[in-house]
Amino acid sequence: SVQGPKIPLGTLVDKITERVSEDDIESENYINTNTMVKNCGGILKYSGKLPAGTYVRYLENDILMSNIRPYLKKVWHATYDGGCSPDVFVFRIKDPLNVNGSYLSALMKQEEFFDFVMQDVKGVKMPRGKEEHILNYKITVPQIGIQMDIAKKIDEIENEISRLTLEISKIEKTMETELQLLLL
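Residues numbered from 1 in each chain as written. Predicted model: local features only at pLDDT ≥ 70, side-chain atom pairs only at ≥ 80, totals over all residues. Heavy atoms only, no water.

Caption draft 1: Looking closely at the sheet that holds strand E8 (residues 82-84). With mixed pairing, the four strands of this open sheet are ordered in space as E3-E5-E8-E4. A strand with exactly one partner marks an edge of an open sheet, and here the two such strands are strand E3 (19-21) and strand E4 (30-31). Bridge count for strand E5 (residues 54-58) against E8 is three bridges, and the pairing is antiparallel. Bridged to Arg57 within E8 is Gly83. (Pairing = 2+ DSSP bridges. Helix = DSSP H or I, 4+ residues; strand = E, 2+ residues; numbered from the N terminus.)

Caption draft 2: Spatial organisation of the pattern of salt bridges. The final tally for this structure, using the stated rule, is 11 salt bridges. Across the salt bridge formed by Arg57 and Glu18, the nearest N and O atoms sit 2.9 Å from each other. With Arg57 in strand E5 and Glu18 in the loop between strand E2 (13-15) and E3, the pair connects residues that are 39 residues apart, well separated along the chain. Judged by relative accessible area, Arg57 falls into the partly exposed class, the value being 27%. A salt bridge links Lys152 to Glu156; the nearest nitrogen and oxygen atoms lie 3.8 Å apart. (Salt bridge = Lys/Arg side-chain N within 4 Å of Asp/Glu carboxyl O. Buried < 20%, exposed > 50% of the residue type's maximum accessible area, 1.4 Å probe, protein only.)

Caption draft 3: Structural detail: the packing of helix H2 (residues 101-108) against helix H5 (residues 144-183). Contact geometry for H2 and H5: axes closest at 8 Å, N-to-C directions at 65 degrees. On the basis of the axis angle, H2 is roughly perpendicular to H5. The hand of the H2/H5 crossing is left-handed. Residues Ser102, Tyr103 and Ala106 of H2 touch H5, and the partners they reach there are Gln147, Ile150, Ala151, Ile154 and Asp155. Taken together, the residues that form the contact of H2 with H5 break down as five nonpolar, two polar and one charged. (Axes fitted to C-alpha atoms, helices over the stretch in contact; angles between N-to-C directions. Parallel < 35°, antiparallel > 145°, perpendicular 65-115°, else oblique. Left-handed = near helix turned anticlockwise from the far one by under 90°. Contact = heavy atoms within 4.5 Å. Nonpolar A, V, L, I, M, F, W, Y, C, P; charged D, E, K, R; others polar.)

Caption draft 4: Region of the structure containing the nonpolar core. Leu9, Val13, Phe91, Leu104, Met108, Phe113 and Ile134 are the most contacted members of the largest nonpolar core, which totals 22 residues. Mapped onto this core, the elements with two or more residues apiece are helix H1 (9-12), strand E6 (63-66), strand E9 (88-93), H2 and helix H3 (111-118). When residues of this core are assigned to their parent elements, the largest contribution, four residues, is made by H3. The residues contacting Phe91, other than those within four sequence positions of it, are Val13, Asp14, Lys15, Asp62, Ile63, Met65, Met108, Ile134 and Leu135. Counting 12 residues, the second largest nonpolar core, distinct from the first, contains Val56, Leu64, Trp76 and Val90. (Core = buried A, V, L, I, M, F, W, Y, C linked by side-chain atoms within 4.5 Å.)

Any link to function would need more than the numbers given here.
What follows is the structure, given as C-alpha cells:
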C-alpha cells in the first residue's frame, strides 16, 4: 500500500473559475457534461455551435469533473486547453513539482472518491456535488517519484485498454459484415 500523508484535495488543487470567451476557443475544445463519458471513459468531441457566453477556462493537465449526477463518474485529465460549462468543475494542481496530475486524476477516478462525493449532494433527481465537501476528500500523497511510477503504470494499463477496446470494435464490425454477407 502507498505510504504518505493524507491531504485534503483542496490543499492540493484550486477550483478554477477563470472565464474564457467563445471567441477564444475552438468548438472541439469545449466540454460540457454531455461530452464527458461516464465511468471515466474520457470525452467526446463537441459538435455544433458553441453556446453563447463565456466558459470556465481549463488548461492541459487540469482535472475536469462533471458536477451533475456525480455517480456517473465523469472525470477527465485534460490533454489540451479549452473551455467548459460551469457544470464541470476544473481543478488545477497548486504545486505540480510535488503532485503529479496523472496520479491525482487516477485517484479521483476511484470508486471511493465518487462514494465520498455522493455522501453530500444537492438535489435528488439531478444531484450535484458540493464543492466544499469535494475539496475535503483526503488524498494519500507519496513522494513525487512514487506518484510518477504509479502514474506511468496506470498510463500503460489505460493504453492497453484503449488498444483492446479498438481491437474489439474492429472485430465486431468484421463480424457484422460477415454476418450480412452470410445472410444475403
